Amino acid sequence: MSSALTDLFPHPIVQAPMAGGVSVPQLAAAVSEAGGLGFLAAGYKTADGMYQEIKQLRGLTSRPFGVNLFMPQPEYAESGAVEVYAHQLAGEAAWYETELGDPDSGRDDGYDAKLAVLLDNPVPVVSFHFGIPSRDVFDSLRRAGTLTLVTATTAEEALAVERAGADAVIAQGVEAGGHQGTHRDIPENDGSGIGLLSLIAQVREAVNIPVVAAGGLMRGSQIAAVLAAGASAAQLGTAFLATPESGAHALHKQALTNPLFARTELTRAFSGRPARGLVNRFLREHGPYAPAAYPEIHHLTAQLRRAAAKAGDAQGMALWAGQGHRMARELPAGQLVEVLVGELDAARTALSDGGDGR
């Protein structure tokens, strides 16, 4: 791997950018200070909101960090399907005493304005989700001194990332919590995601750029495994979601290890795009009927999700989590990095000695 990326952080641990208020400056700063790479999530924020968080983060650490952007989405033609789903959710709105959101609240997530801010005020790393920017964007960020990463869920997507000019690719396995970063949302492909270890192998054979592995990683031994498989670093989201620095709702943090939420599923129920979350009432009742309409469904359900959280009802919230959620540890983020590094070192030693690596 080119050392340009890994030279930024001593430990091969990247804190995943989790949108919706989870990846706050305090979390990113704690991870970066501990020797990992902290990330801010610009998704669902205004350009100024992103800029203010960057300023706050810079006041908390002088270490490198990253910012994640959502790519603009293509127009969705079947408005009738969104209207049908809205009718189905009318009972939820009545129950939580709120209104459904406007599905036509915007498709580009303020992408151009955010990109302009990041070019005027460069940060060390920028990553992209839900697609690939143009080569001009990569070139402009490179001239500004910013390294770029793009999520890919298949070897074909990873190859497209390399050809577009990104510095590295994030190989996201189907185990990952939150939204799958597929470049095109094709409903016929639902349920066909690739497991992380298989994906790393396929991506390593397809591209020459560095690979960051993401998907269900919760322990240092798992980080050792993906590094041995060819990744240069590991990206962890759910592992950091339970930390005190995380901006996740308390009910979300508690649900990770609550026996009531025994498993996860990929669902379109909350956003219209496949995303892995803890199975709760809302997911069970509405997931089978949610259309492939992102971000329309995200906007439609936003007020419902906020109302459920305000009411203290985890059964109506989007409880994003990876498959390893039951292994979550309520440690301070910096301490969690230290523990993960210790586990990683122990696993490497055990592997070299022929031990079990636990």
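As the structure is a prediction and not an experimental result, all values here were calculated from the model.

The next subject is the overall build of the protein. A tally of regular secondary structure across the protein gives 15 helices and 11 strands. For a compact globule of 358 residues, the expected C-alpha radius of gyration is about 21 Å, and the protein comes in at 19 Å, within 12% of that figure. Projected onto the principal axes, the alpha-carbon positions of the protein cover approximately 60 × 45 × 40 Å. Residues classed as buried in the protein amount to 56% of the 358 residues present. Long-range contacts, defined as pairs at least 24 residues apart, comprise 69% of the intrachain contacts of the protein with a sequence gap of at least 6.

Here the focus is the nonpolar core. Grouped together as the largest cluster of nonpolar side chains are 64 residues, with contacts concentrated most on Ile 13, Tyr 85, Ile 223, Val 226, Leu 236 and Phe 240. Beyond its immediate sequence surroundings of up to four residues, Ile 223 is in contact with Pro 12, Ile 13, Ala 234, Leu 236, Leu 340 and Leu 344. Judged by nonpolar contacts, the second largest core, of 38 residues, contains Leu 40, Phe 65, Met 71 and Val 211.

With respect to the helices and strands, the residue Arg 143 is situated in helix 7 (residues 135-143). The class of Arg 143 is exposed, set by a relative accessible area of 67%. Separated by 24 residues in the primary sequence, Arg 143 and Leu 119 place their C-alpha atoms 9.1 Å from one another. At 3.3 Å, the side chain of Arg 143 and the side chain of Ser 140 are in polar contact.

Rules behind the numbers
- Residues numbered from 1 in each chain as written.
- Predicted model: local features only at pLDDT ≥ 70, side-chain atom pairs only at ≥ 80, totals over all residues.
- Heavy atoms only, no water.
- Helix = DSSP H or I, 4+ residues; strand = E, 2+ residues; numbered from the N terminus.
- Rg over C-alpha atoms; globule rule 2.2 N^0.38 Å.
- Buried < 20%, exposed > 50% of the residue type's maximum accessible area, 1.4 Å probe, protein only.
- Contact = heavy atoms within 4.5 Å.
- Core = buried A, V, L, I, M, F, W, Y, C linked by side-chain atoms within 4.5 Å.
- Polar contact = N/O pair within 3.5 Å; in protein donor to acceptor, adjacent residues only side chain to side chain.

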